[in-house]
Amino acid sequence: MHRIKSLALMGAALTLVAGCSGTGTGSDATANDTAATAAASTGRVRGTVQAVTANALTVQTYDGKTVTVPIDAKTGYAWVVPSSLSSLKDGDFIGTATTGPKTALRAVEVVIFPESMRGTGEGHYAWDVPGVVAANGGDSAGSSAMTNGTVDAQSAMTNGTVEPQSAMTNGTVTGGATPGGGASSTDRVLSVSYKGGKVKVAVPAGVPIVRFDPTQKTVLAKGQKVFAVTPPGASAAKSVAIGKDGLTPPM
């Protein structure tokens, strides 16, 4: 029951994140136009824990700022643990932050969600700079989007022009094929359907692949890398994702 409760808290928190970013199913321009609004309306903090108290985390963000993240009894916690594409099976619900236009999305990370979080935030909407980009000095002002849906095919990678924007795609995996043409033999393309649309996401070799594993506040410690989310109007963070064994939460 304790594990189910933690999963439910994380699921609710991430649903709120999705709702704050909008539920657009329109063009890339629409998602990009709302990116700045989404970043401002939802408090997303990515960085390294400097201190933990009963009611707050002090986090040094990847751009060197110090931020206080309020927490309370309703805050949900989850480890972010390493995984792999080889563990991805038909029917899995995933999330993937990407770069590139909607016609040529390229993953920078993939999250495999637990079953209790299936369907979280379905749609296409604005997102900010993923942790894997921010931690490596990426542009903190870059635009982005999120797409949550069902991965209904895996196939050969297609080439396209990559532009300095990013996106998140969540879905359920079915089917598979070996990439061909000009793509690496280790690359994979996921076809992701959501209410009102569909996208293809190329997953290059070497991008972080992770899973969520629910946990409790007691695991928090100085030096951990975290991704904390506080929706607009909330008095405390709704979720804190904690990289296990030094891992950087890539979302």
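Computed from a predicted model, the values in this text were never measured in an experiment.

## Quick notes on the pairing of strand β11 (residues 188-194)
Summarising burial for β11: seven of the seven residues are buried, a large majority. On β11, burial covers both faces: R188, L190, V192 and Y194 on one face and V189, S191 and S193 on the other are all buried. Across seven bridges, β11 lies against strand β12 (residues 197-203) in antiparallel orientation. By the bridge assignment for β12, R188 is matched with V203. Hairpin connection of β11 to β12: two residues between the antiparallel strands, including G196 at a positive phi of 100°.

## Let's talk about the pattern of salt bridges
As a working rule, side chains carrying opposite charge can pair if their charged atoms are close by. The full count for this structure, using the stated rule, is three salt bridges. Residues R44 and D128 are paired through a salt bridge, measuring 3.3 Å at the closest nitrogen-oxygen approach. Placement of R44 in strand β1 (residues 43-52) and of D128 in the loop between β7 (123-126) and α4 (131-134) is noted, with a sequence separation of 84 residues between them. Take R44 and D128: they sit in the same class, and that class is buried. Several salt bridges converge on common partners, so that one network encompasses R44, R46 and D128.

## What to know about the pairing of strand β2 (residues 56-61)
Bridge count for β1 against β2 is five bridges, and the pairing is antiparallel. Of the residues in β2, the one forming a bridge with A51 is T58. Remark: three residues form the turn of the hairpin made by β1 and β2, two consecutive strands paired antiparallel. Two elements, β2 and strand β3 (residues 66-70), share five bridges in a ladder whose sense is antiparallel. Bridge pairing in β3 places L57 opposite V69. Hairpin connection from β2 to β3: four residues lie between these consecutive antiparallel strands, with G64 at a positive phi of about 95°.

## Concerning the confidence of the model for the protein
Residues with a pLDDT of 70 or more make up 67% of the protein, whose mean pLDDT is 74. The lowest-confidence element of the protein is helix α3 (residues 35-41), averaging 36 in pLDDT; the highest-confidence one is β2, averaging 97. Contacts for the low-pLDDT stretch residues 1-7, under 50 throughout, to residues beyond four places or in other chains number 10 contacts. Note that pLDDT drops below 50 for residues 12-41; the model gives that stretch 60 contacts with residues more than four away or on any other chain.

Calculation criteria
- Residues numbered from 1 in each chain as written.
- Predicted model: local features only at pLDDT ≥ 70, side-chain atom pairs only at ≥ 80, totals over all residues.
- Heavy atoms only, no water.
- Buried < 20%, exposed > 50% of the residue type's maximum accessible area, 1.4 Å probe, protein only.
- Helix = DSSP H or I, 4+ residues; strand = E, 2+ residues; numbered from the N terminus.
- Pairing = 2+ DSSP bridges.
- Salt bridge = Lys/Arg side-chain N within 4 Å of Asp/Glu carboxyl O.
- pLDDT = per-residue confidence, 0-100.
- Contact = heavy atoms within 4.5 Å.

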